[in-house]
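Spelled out from the first residue to the last, the chains are:
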Amino acid sequence: MNWWQRHPEQAADSGERLVALAPSLLSADFADLRADIADMAAVGVDLLHLDVMDAHFVPNLTFGPFICAAIRRCTDLVLDAHLMMTDPHRYLESFAKSGVDAITVHVEADSPLPETLEQIGELGLKRGLSLNPGTPVDSLDPYLERLDVVLVMTVEPGFGGQSFDPRGLEKMEWLRDERERRGLDFAISVDGGVNDQTAGPCRAAGADILVSGSYFCKNQDRTKAAAILRSEHH
Ligand code: DX5
Ligand code: ZN
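I will try to describe carefully the structure that is included in this document. The residue numbers shown here count from 1 along each chain, following its written sequence. Written order decides the labels, with chains lettered from A and ligands numbered from 1. Only residues with pLDDT of at least 70 are given local features in this predicted model, and only at 80 or more are side-chain atom pairs given and counted; all residues enter the totals for whole chains, interfaces and linings. Excluding hydrogens and water, the side-chain figures rest on all heavy atoms present in the structure.

We now examine the overall build of the protein chain. Think of it this way: any DSSP run of H or I at least four residues long counts as a helix, any run of E at least two long counts as a strand, and we number them from the N terminus. Along the backbone of the protein chain there are nine helices and eight strands. In terms of overall size, the protein chain behaves like a compact globule, its C-alpha atoms giving a radius of gyration of 16 Å where 234 residues would be expected to give roughly 17 Å. Seen through its principal axes, the protein chain has C-alpha atoms that stretch 45 × 45 × 30 Å. The buried share of the protein chain, taken over its 234 residues, is 54%. Throughout, a contact is declared for two residues whenever any of their heavy atoms are within 4.5 Å. Look at the contacts in the protein chain between residues 6 or more apart in sequence, and 64% of them connect residues 24 or more apart. Under the convention used here, a 1.4 Å probe and the Shrake-Rupley method define accessible areas, while residue burial counts only the protein chains that appear. Entry remark: accessible area of the protein chain is about 10,200 Å², with carbon and sulfur atoms responsible for 48%. The convention is simple: Lys and Arg are positive, Asp and Glu are negative, and His and the chain ends are not counted. A single reference atom marks each charge: NZ on Lys, CZ on Arg, CG on Asp, CD on Glu. Between the centroid of the 21 positive side chains of the protein chain and the centroid of its 37 negative side chains there is a distance of 2 Å. C-alpha atoms define the radius of gyration, and 2.2 Å times the number of residues to the power 0.38 defines the globule rule. For the exposure calls, accessible area comes from a 1.4 Å probe over protein chains only, and a residue counts as buried if that area is under 20% of its type's maximum, exposed if over 50%, partly exposed in between.

This is the structure in structure tokens:
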């Protein structure tokens, strides 16, 4: 069973490859986060995506390990911390202590990547690497062997609610091919502008995890939104 999937049996039932859904809490109700996360869990989401922004790597500021620890106390769901930070390596231990399960850093960050990925692994966490829409996908090439998840950004990181950049689709296809060719097992995740229009092309391009902020979290009918995102037969 893949670490990022909560319902692998559903995929087997329908014969269809069912992608995992990771709501971005950026669009959650922070005034009542425990209830909002419980609602997402009841809908059957697979994991939670935590957008950490340092007001330096991106022009926005969100939260750090302290809030991640509070989120940990609200749920047993797998937590993936997406660190949009210039110096993520300085904070890896704090995030590990907060109880997240995976840490995703950016290939464009200033941190020394081999050491950063190694430390994430030593801390017992899944290792993720992300790239911005304008960054060529082969910049990930030297790291693919040591990754548990690749996060393809399809918006400029920093804000929810932006439109999907289709350049990410070719990157997902390339990653799927490289993974197959090299016999690797990292998950392909996509983040930014994922909605009812863009989820299908992402699934077809090989995405295993769809991160969705505004479309899923702010949807009046999350059950239906989750079905639309995860499957072509909803
Ligand atoms: C953007 C974040 C995304 C964002 C996605 O910097 O990394 O996770 O919250 O939000 P939507 O789905 O609204 O594009
Ligand atoms: Zn994100």
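Bringing the site of ligand 1 into the picture now. Near ligand 1 you find 19 residues, and of these Asp51, Gly158, Gly161, Asp191 and Ser214 are the closest. Burial of ligand 1 by the protein amounts to 100% of the accessible area it has alone, namely 380 Å². Contributing elements (two or more residues each) for the shell around ligand 1: strand 2 (47-53) and strand 3 (78-84). Tallying contributions element by element places strand 2 first for the shell around ligand 1, with three residues. Looking at the shell around ligand 1, its residues break down into six nonpolar, 11 polar and two charged. When at least one non-hydrogen atom of a residue lies within 4 Å of a molecule or strand, that residue is treated as near it. In this classification, the charged set is Asp, Glu, Lys and Arg, the nonpolar set is Ala, Val, Leu, Ile, Met, Phe, Trp, Tyr, Cys and Pro, and all remaining amino acids, among them Gly, are polar.

At least two bridges found by DSSP between two strands is the condition for calling them paired. What the eight strands build is an open sheet, ordered 1-8-7-6-5-4-3-2; its pairing is parallel. Strands with a single pairing partner mark the edges of an open sheet, and in this sheet they are strand 1 (20-23) and strand 2. Neighbouring strand axes in the sheet, compared pairwise and without regard to direction, differ in orientation by 25° on average. Where strand 7 (residues 187-191) lies against strand 8 (residues 209-212), three bridges are found, and the strand directions are parallel. Axes, fitted as lines to C-alpha atoms, cover a helix only where it is in contact. Angles between the N-to-C directions of the axes lie from 0 to 180 degrees.

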